[in-house]
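Summary of the model geometry
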Amino acid sequence: MHASVTFRILGRDEEAFDEPEDGPTLTRAQIRKSFEGDLVATGVLMYAMTYLDDENASFLGFEKVVGTLGGRTGSFVLRHTGVYDGEQARASCEVVPGSGTGELAGLSGSGGFAAGHAEQHDMTLEHEI
């Protein structure tokens, strides 16, 4: 099934945990989100990132999503892999196998998004239970 989703970033906390004199900086960020559309939910996302220079970054993360997807209620975890080019973050997401709970137990799927500096962002999620 195809889910059309929009999300908003409700808050973001980021801190460096390695700031070398030379080479990439490593940071971690916690992002709180809300989802609308075929997914009505909240999410808490933890990113580990490496800034290759002042603008370009690569990131990996896990997001716990709690709410309703296609009329089914529960939670699941998305694994994010992406890049940021100073203007836009582009990521692919995959449901972590076995992470679905409640009516979302057995959920599988993948999707992605491209998010710039707008208030709201579109996301796709192809999924099945």
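Residues numbered from 1 in each chain as written. Predicted model: local features only at pLDDT ≥ 70, side-chain atom pairs only at ≥ 80, totals over all residues. Heavy atoms only, no water.

**Notes on the overall build of the protein**
Inclusion rule: A run of H or I in DSSP counts as a helix once it spans at least four residues, and a run of E counts as a strand once it spans at least two, with each numbered from the N terminus. Throughout, radius of gyration means the C-alpha value; the globule benchmark is 2.2 Å times the number of residues raised to the power 0.38.
Of regular secondary structure, the protein possesses zero helices and eight strands. Put simply, the protein runs from its N terminus to its C terminus through helices and strands in the order β-β-β-β-β-β-β-β. Relative to a compact globule of 129 residues, whose C-alpha radius of gyration would be 14 Å, the protein shows 15 Å and is just as compact. When its C-alpha atoms are laid out on the principal axes, the protein stretches across 50 × 30 × 20 Å.

**Side note on the pattern of salt bridges**
As a reminder of what qualifies: By definition here, a salt bridge exists when the distance from a side-chain nitrogen of Lys or Arg to a carboxyl oxygen of Asp or Glu is within 4 Å. Burial classification: accessible surface area is computed with a 1.4 Å probe over protein chains only, and a residue below 20% of its type maximum counts as buried, one above 50% as exposed, and the rest as partly exposed.
Evaluation of the coordinates by the stated rule reveals seven salt bridges. We note a salt bridge from Arg 28 to Glu 15, for which the minimum N-O separation is 3.2 Å. Placement of the pair is Arg 28 in strand 2 (residues 25-37) and Glu 15 in strand 1 (residues 2-18), with a sequence separation of 13 residues. Lys 33 is the salt-bridge partner of Glu 63, the closest N and O atoms lying 3.2 Å from each other. Of this pair, Glu 63 sits in strand 4 (residues 57-69) while Lys 33 sits in strand 2; the two residues are 30 residues apart in sequence, bridging distant segments of the chain. Per residue, the accessibility class of Glu 63 equals that of Lys 33, and both read buried.

**Let's talk about the layout of surface pockets**
The line we're drawing: Of the two site types, the cavity is a set of points on a 1 Å grid over the protein atoms alone where a 1.4 Å probe fits but cannot get out, and the pocket is an open set with protein on both sides within 12 Å along at least five of seven lines, each lined by residues with an atom within 4 Å of a point. Grid points are joined across faces, edges and corners, and a volume is the space filled by probe spheres set on the points. When residues are sorted by character, Ala, Val, Leu, Ile, Met, Phe, Trp, Tyr, Cys and Pro go into the nonpolar class, Asp, Glu, Lys and Arg into the charged class, and all the rest, Gly among them, into the polar class.
One number sums up the size of the largest pocket: a volume of about 380 Å³. What lines the largest pocket is a set of 20 residues, and nearest its centre among them are Ile 9, Arg 12, Tyr 84, Ala 89 and Ala 115. Residue contributions to the lining of the largest pocket peak at four residues, all from strand 3 (residues 39-51). Partitioned by chemical class, the residues of the lining of the largest pocket number 14 nonpolar, three polar and three charged.

**Some details on the packing of aromatic side chains**
What counts here: Aromatic pairing here means that ring centres of Phe, Tyr or Trp (its six-membered ring) are within 6.5 Å. Orientation follows from the plane angle: under 30 degrees is stacked, over 60 is edge-to-face, and everything else is tilted. Cation placement over rings: the criterion is NZ of Lys or CZ of Arg within 6 Å of the ring centroid and within 35° of the ring normal.
All chains considered together, the criterion is met by three aromatic pairs. Residues Phe 7 and Phe 113 carry aromatic rings whose centres are separated by 5.2 Å and whose planes lie at 75 degrees to one another, so their mutual orientation is edge-to-face. In this pair, Phe 7 sits in strand 1 while Phe 113 sits in strand 7 (residues 108-115), placing the two residues 106 residues apart along the sequence. For Phe 113, a relative accessible area of 10% translates into the label buried. Plain terms: the ring middles of Tyr 47 and Phe 59 are 4.6 Å apart, the flat faces sit at 55 degrees to each other, and that makes the pair tilted. In this pair, Tyr 47 sits in strand 3 while Phe 59 sits in strand 4, placing the two residues twelve residues apart along the sequence. Both residues of the pair, Tyr 47 and Phe 59, belong to the buried class. By the ring-pair criterion, three or more aromatic residues cluster together here, those being Phe 7, Phe 35 and Phe 113. In this arrangement the basic side chain of Lys 33 is found over the ring face of Phe 7, its NZ or CZ atom lying 4.2 Å from the centre.

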